[in-house]
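Structural overview
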Amino acid sequence: MFRGALLLLVALAPVHAAEGPAEWAEMFDALLLDVADNDAETAAFNLQSLLNRLDPDDPLHGQVAYWLAHTYISLDQRQLAHEALDIAMESVVARDKALALHSQLESIDRRIE
């Protein structure tokens, strides 16, 4: 999962580079370190910290929330994943994939109940 996030960041970085190079660098560095250690808890902490510092109007805000939701799902923290997806669904940039992930998470929740 983290490798997919890393590949997405590498692919999207040039598109958003002018919109916040410092934030992109920080997110990329955090995920790269966490991928190397395979540490989802640290990844969640770093992504949540970055999300808290980003302006909600920043296109990166929705992307970070989406990947934070993915991370919370891998940690089996479904409530936190739902909260992150709620944020991601407010973003034009991340809305479609956040809705798809939200549907998958709802399906998991129904099977568990």
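Since the model is a prediction, treat every value here as computed from it, not as a measurement.

What to know about the nonpolar core
Membership of the largest hydrophobic core comes to 22 residues, with the highest contact counts inside it found for V64, Y66, L68, Y72, L85, A88 and A98. Mapped onto this core, the elements with two or more residues apiece are α3 (40-53), α4 (59-74), α5 (78-89) and α6 (95-112). Ranked by the residues each element gives to this core, the list is headed by α4, at 8 residues. Once residues lying within four places of it in the same chain are set aside, the contact partners of L68 are A44, L47, Q48, L51 and A84.

Looking at α4
Helix length check: α4, at 16 residues, gives a terminal C-alpha distance of 24 Å against a target of 22 Å (1.5 Å per residue), a fit within 8%. Burial runs high along α4: 13 of the 16 residues are buried. N-cap assignment for α4: the residue whose side-chain oxygen lies 2.8 Å from the backbone N of L60 is D58. Of the residues flanking the end of α4, it is D76, one or two places downstream, whose phi is positive at about 60°.

What about the packing of aromatic side chains?
In this structure the tally under the stated criterion is 1 aromatic pair. Their ring planes at 80° and their centres at 5.0 Å tell us that Y66 and W67 sit as a pair that is edge-to-face. When sorted by exposure, Y66 lands in the same class as W67, which is buried. If you follow K97 out to its NZ or CZ, it ends over the ring of Y66, 4.8 Å from the centre.

Focus: the pattern of salt bridges
A full pass over the atoms with the stated rule returns 2 salt bridges. Taking the shortest distance from any N to any O, the salt bridge between R78 and D76 comes out at 2.8 Å. A residue is classified by how much of its surface remains accessible, and D76, at 53% relative accessible area, is exposed. Taken together, the shared-partner salt bridges in this structure form one network comprising D76, R78 and D109.

Re the packing of α4 against α5
At a minimum axis distance of 8 Å, the contact between α4 and α5 shows a crossing angle of 160°. Considered as vectors, α4 and α5 are oriented roughly antiparallel to each other. As for how α4 packs across α5, the hand of that crossing is left-handed. Contacts from H61, G62, A65, Y66, L68, A69, Y72 and I73 in α4 reach L80, A81, A84, L85, I87 and A88 in α5. Taken together, the residues of the contact of α4 with α5 break down into 12 nonpolar, 2 polar and no charged.

Cut-offs used in this document
- Residues numbered from 1 in each chain as written.
- Predicted model: local features only at pLDDT ≥ 70, side-chain atom pairs only at ≥ 80, totals over all residues.
- Heavy atoms only, no water.
- Core = buried A, V, L, I, M, F, W, Y, C linked by side-chain atoms within 4.5 Å.
- Buried < 20%, exposed > 50% of the residue type's maximum accessible area, 1.4 Å probe, protein only.
- Helix = DSSP H or I, 4+ residues; strand = E, 2+ residues; numbered from the N terminus.
- Contact = heavy atoms within 4.5 Å.
- Expected span 1.5 Å × (residues − 1).
- Polar contact = N/O pair within 3.5 Å; in protein donor to acceptor, adjacent residues only side chain to side chain.
- Phe/Tyr/Trp six-rings, centres within 6.5 Å; stacked < 30°, edge-to-face > 60°.
- Lys NZ or Arg CZ within 6 Å of the ring centre and 35° of its normal.
- Salt bridge = Lys/Arg side-chain N within 4 Å of Asp/Glu carboxyl O.
- Axes fitted to C-alpha atoms, helices over the stretch in contact; angles between N-to-C directions.
- Parallel < 35°, antiparallel > 145°, perpendicular 65-115°, else oblique.
- Left-handed = near helix turned anticlockwise from the far one by under 90°.
- Nonpolar A, V, L, I, M, F, W, Y, C, P; charged D, E, K, R; others polar.

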